[in-house]
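# Working through the structure, step by step
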Amino acid sequence: MSVLVFVEVADGEVKGSSLEAVGYGAEVAKQQGTTATAIVLGTSIAADKLAALGKYGAAKVLHVADEKLNNGVIQAYVQVLAQAFEQTGAKILIVAKSSLSDAVTARLSVRLKASLASNVTDLPSTNGGFTVKKSVFTGKAFQTISLANENKIIALKKSAFSPVDSGSPAPVETFSASLSDADFGVKITKTDKITGELLLTEADLVVSGGRGLKGPENWGVILDLAKALNAATGCSKPVSDLDWRPHHEHVGQTGVKVAPNLYVAVGISGAIQHLAGVSSSKCIVVINKDPEAPFFKAADYGIVGDAFEILPKLTAAAQKLK
Amino acid sequence: MKILVCITHVPDTTSKINFVEGNSKLDTTNMQFIIGPYDDYALARGVELRDALGGTLTVLNVGTAETEPTLRKALAIGADDAIRIDAEPTDAFFVSEQIAEVAKKHNYDLILMGRESSDYNGGQVHGMVGEMLGIPSLSPVMKLDIEGSTAKMAREIEGGKEYLEANLPLVLGVQEPIAEWKIPNMKGIMTARKKPLEVIQPANPTQYTQPQQYELPAAKGACKMIAPEEAEKLIELLKTEAKVL
Ligand SMILES: Cc1cc2nc3c(=O)[nH]c(=O)nc-3n(C[C@H](O)[C@H](O)[C@H](O)COP(=O)(O)OP(=O)(O)OC[C@H]3O[C@@H](n4cnc5c(N)ncnc54)[C@H](O)[C@@H]3O)c2cc1C
Ligand SMILES: Nc1ncnc2c1ncn2[C@@H]1O[C@H](COP(=O)(O)O)[C@@H](O)[C@H]1O
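The shown structure was predicted, so the numbers you read here are calculated from the model rather than taken from an experiment. (Residues numbered from 1 in each chain as written. Chains lettered and ligands numbered in written order. Predicted model: local features only at pLDDT ≥ 70, side-chain atom pairs only at ≥ 80, totals over all residues. Heavy atoms only, no water.)

## Considering the overall build of chain A
A tally of regular secondary structure across chain A gives eight helices and 17 strands. Within chain A, buried positions represent 60% of all 322 residues. Partitioning the contacts of chain A with sequence separation of at least 6, the portion at a separation of at least 24 is 65%. Of the roughly 12,100 Å² of accessible surface on chain A, 49% is carried by carbon and sulfur atoms. Across chain A, the 32 positively charged side chains and the 30 negatively charged ones have centroids separated by 4 Å. (Helix = DSSP H or I, 4+ residues; strand = E, 2+ residues; numbered from the N terminus. Buried < 20%, exposed > 50% of the residue type's maximum accessible area, 1.4 Å probe, protein only. Contact = heavy atoms within 4.5 Å. Areas by Shrake-Rupley, 256 points an atom, 1.4 Å probe, with all protein chains shown as cover. Lys, Arg positive; Asp, Glu negative; His and termini not counted. Charge placed at Lys NZ, Arg CZ, Asp CG, Glu CD.)

## Digging into the overall build of chain B
Counting its regular elements, chain B contains six helices and 15 strands. Seen through its principal axes, chain B has C-alpha atoms that stretch 65 × 45 × 40 Å. In chain B, 67% of the contacts between residues at least 6 apart in sequence involve partners at least 24 apart. As displayed, chain B offers around 10,600 Å² of accessible surface, 51% of which is attributable to carbon and sulfur atoms. Of note, chain B has its 25 positive side-chain charges centred 4 Å away from the centre of its 35 negative side-chain charges.

## Considering the pairing of strand E13 (residues 205-209) of chain A
Residue and element names in this part refer to chain A. When you tally the buried positions in E13, you get five out of five residues, the bulk of the element. The side-chain alternation of E13 yields two buried faces, one formed by Leu 205, Val 207 and Gly 209 and the other by Val 206 and Ser 208. Bridge count between E13 and strand E15 (residues 262-266): five bridges; the pairing is parallel. Within E15, the position partnered with Gly 209 by the bridge is Val 266. In this sheet, strand E14 (residues 232-235) lies alongside E13 in parallel orientation, the contact comprising four bridges. When the sheet's bridge partners are listed, Val 206 is paired in E14 with Ala 232. For the crossover that starts at E13, traverses helix H5 (residues 220-229) and ends in the parallel E14, the hand is right-handed. (Pairing = 2+ DSSP bridges. Right-handed = clockwise from strand over helix to strand, strands pointing away.)

## Here we look at the packing of helix H4 (residues 99-111) of chain A against helix H4 (residues 125-133) of chain B
Contact geometry of H4 of chain A with H4 of chain B gives a least axis separation of 7 Å together with a crossing angle of 45 degrees. Overall, the two elements H4 of chain A and H4 of chain B adopt an arrangement that is oblique. For the pair H4 of chain A and H4 of chain B, the crossing hand works out as right-handed. Across from Ala 106, Arg 107, Ser 109, Val 110 and Arg 111 of chain A in H4 of chain A, the residues of H4 of chain B making contact are Gly 127, Met 128, Gly 130, Glu 131 and Met 132 of chain B. For the contact of H4 of chain A with H4 of chain B, the residue count by class is four nonpolar, three polar and three charged. (Axes fitted to C-alpha atoms, helices over the stretch in contact; angles between N-to-C directions. Parallel < 35°, antiparallel > 145°, perpendicular 65-115°, else oblique. Left-handed = near helix turned anticlockwise from the far one by under 90°. Nonpolar A, V, L, I, M, F, W, Y, C, P; charged D, E, K, R; others polar.)

## Regarding the site of ligand 1
Around ligand 1 sit 28 residues, and of these Arg 211, Ser 236, Ser 269, Gln 273 and Asn 288 of chain A come closest. Neighbouring residues of ligand 1 are not confined to a single chain but are spread across chains A and B. His 274 of chain A places a side-chain nitrogen or oxygen 2.8 Å from an oxygen atom of ligand 1. Asn 288 of chain A is positioned such that a nitrogen or oxygen atom in its side chain is 2.7 Å from an oxygen atom of ligand 1. For ligand 1, whose unbound accessible area comes to 990 Å², protein coverage reaches 81%. Among the secondary structure elements, those contributing two or more residues to the shell around ligand 1 are helix H6 (237-241), helix H7 (272-275) and helix H8 (307-321) of chain A. Partitioning the shell around ligand 1 into residue classes produces seven nonpolar, 15 polar and six charged. (Near = heavy atom within 4 Å. Polar contact = N/O pair within 3.5 Å; in protein donor to acceptor, adjacent residues only side chain to side chain.)

## Structural notes on the nonpolar core
Core analysis: the largest hydrophobic core is formed by 96 residues, its most contacted members being Ile 99, Leu 110, Leu 144, Met 153 and Leu 172 of chain B. Looking at this core, the element that brings in the most residues is helix H3 (residues 74-87) of chain A, giving nine residues. Formed by 35 residues, the second largest nonpolar core is a distinct cluster that contains Leu 225, Ala 231, Tyr 301 and Ile 303 of chain A. (Core = buried A, V, L, I, M, F, W, Y, C linked by side-chain atoms within 4.5 Å.)

## Remarks on the packing of H5 of chain A against H8 of chain A
All names here are of chain A. Look at H5 against H8: their axes get within 9 Å of each other, and the N-to-C directions meet at 20 degrees. In this view, H5 runs roughly parallel relative to H8, as classed from their interaxial angle. You can see that H5 and H8 cross each other, and the crossing is left-handed. Note on element contacts: H8 touches H5 through Phe 308, Leu 311, Pro 312, Leu 314, Thr 315, Ala 318 and Gln 319, opposite Val 221, Ile 222, Asp 224, Leu 225, Ala 228 and Leu 229.

## Examining the environment of Val 14 of chain A
Residues and elements named next belong to chain A. Mapped onto the fold, Val 14 is located in strand E3 (residues 13-14). The class of Val 14 is buried, set by a relative accessible area of 16%. Taking the C-alpha atoms as reference, Val 14 lies 22 Å from Leu 123; in sequence the two are 109 residues apart. If we skip the residues at most four places from it in the chain, Val 14 touches Val 7, Glu 8, Val 9, Leu 19, Ile 45, Lys 49 and Leu 53.

## What to know about H4 of chain A
Think of an α-helix as turning once every 3.6 residues; residues three or four places apart then point the same way. Over its 13 residues, H4 of chain A extends 19 Å from the first C-alpha to the last, a length consistent with the 18 Å expected when each residue adds 1.5 Å. Those residues of H4 of chain A lying buried are Ser 99, Leu 100, Ser 101, Asp 102, Ala 103, Val 104, Thr 105, Ala 106, Arg 107, Leu 108, Ser 109 and Val 110 of chain A. (Expected span 1.5 Å × (residues − 1).)

Shown next, in the form of structure tokens:
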């Protein structure tokens, strides 16, 4: 009865959040007196990168080398993971929370009769039962819930666990799942995806701009600072509503929830709906010309001033760090 | 076309969250409740599709009597009738079973939900209902058009979009910009009072998780202000003091 960890790939690399899930899975396995097996779907990743999952705690890596799985086809992923769960005799499945894993684990919970906890922020507590702590009310509170079914699924919140690269590469085995046409009933007709750019949901550092920047033509100051820091870029909702920036950059209650080490908010007032998407950040910097902007109350560091004067100074200082 | 829209009844997004009764219950004193923000998008697109294609639009909530004003609001926005399953929505599996039970009886072509509820943020109910009904589920869907028995959709993926096609019936979790939120007008509010709202009792109440306790995050320390003329000092502090660079 091992612990199974579903690992996602983006741009040919294991996603950082999935490395967190592998590290977390190894700890959960230790609690249960067993080992963690990682499973990777699709052919867009190189063999050495699969084996390298061992360094983060996987005792074994299962690879489902089917190119039809290179896109996240929800039903087919459910089939594969259900079969792997049963065949490895796993009782616990660990995933990193993402838009794909949300869709997949919900179906798996029904299929496997598994208690499902999403947005989990800590290791399970196993003295007398099995409970986990999860983030609820869009980051405004935590809730402890008990997972009483024999099978369990845990979706880990981003940055809730720091994986350590300390072990050695793990053996990689091919896993063949039986899939039918019905599993591919939903057809992906086209994919528009930026590649080679940092993913906002995965980034350790984020620089985000709001309506205070006045227009898309002024985004250079944000992009320059992001580049100097090697950060991803985000924005507030009005900015994406106005099409100044693409929708997938919109952070907050109705957008992406981020939990980076550093979130820099520039010209964003700090409405509660925006804060809901950033409150799990380790360190928040606010740059706003209005000293009364509510965002300062949620910040660790603040500068009151004009973004167009401040940002070039920060960019220059960040470039010197390198 | 028969459409079902599942809505949550959640604290207004500006609410301060607190707990009572030994941190086991949400403090709802003076709290305003709204249709879940994502569910509002589902409802708006549902109304547009019903208006364009004909058919009926039902709204459903699993909740106790206090959610009825929220269902009436959905009726005022344009739903034809409402169903309330009379139970505390304690667990995603439980809620999903109730919704699936109703859906089995009515054969909806399309079941629309929000991508996630703003209280429990699970993003789970649409997937669970899809699995229980044995039909595909997709989320988060940001564009939806129906052509005959085919749905053409765009789904947000990390760093971009994916375009999809699938045959009905489907369960979708949706988000903006699928439609603009709709505000009820006077006529809508008047007619909503007379539209049917059926209350049914929950069937086989099974839970897969057992909620225990809430807690609030630790309070944030004071914000350290840096003078604008010394802005570059920030980078140094982020490196040496906050240790995030
Ligand atoms: C149900 C609901 C859900 C929502 N979800 C979200 C969400 O997910 N994400 C989100 O962001 N919003 C969301 N909102 C909207 C939210 O309430 C705010 O309206 C929005 O966040 C404001 O965006 P902003 O801070 O960019 O713009 P504004 O509120 O216009 O603030 C602009 C800020 O820029 C500052 N500024 C102006 N010029 C400069 C300058 N030269 N230099 C520095 N600072 C400057 C101003 O002082 C001001 O503080 C939601 C609202 C609702 C009702
Ligand atoms: N109690 C409920 N009643 C009706 N629909 C619900 C309920 N809970 C969740 N839903 C629907 O399922 C979606 C996803 O919810 P969740 O899985 O809780 O994040 C919501 O946006 C609603 O559309």
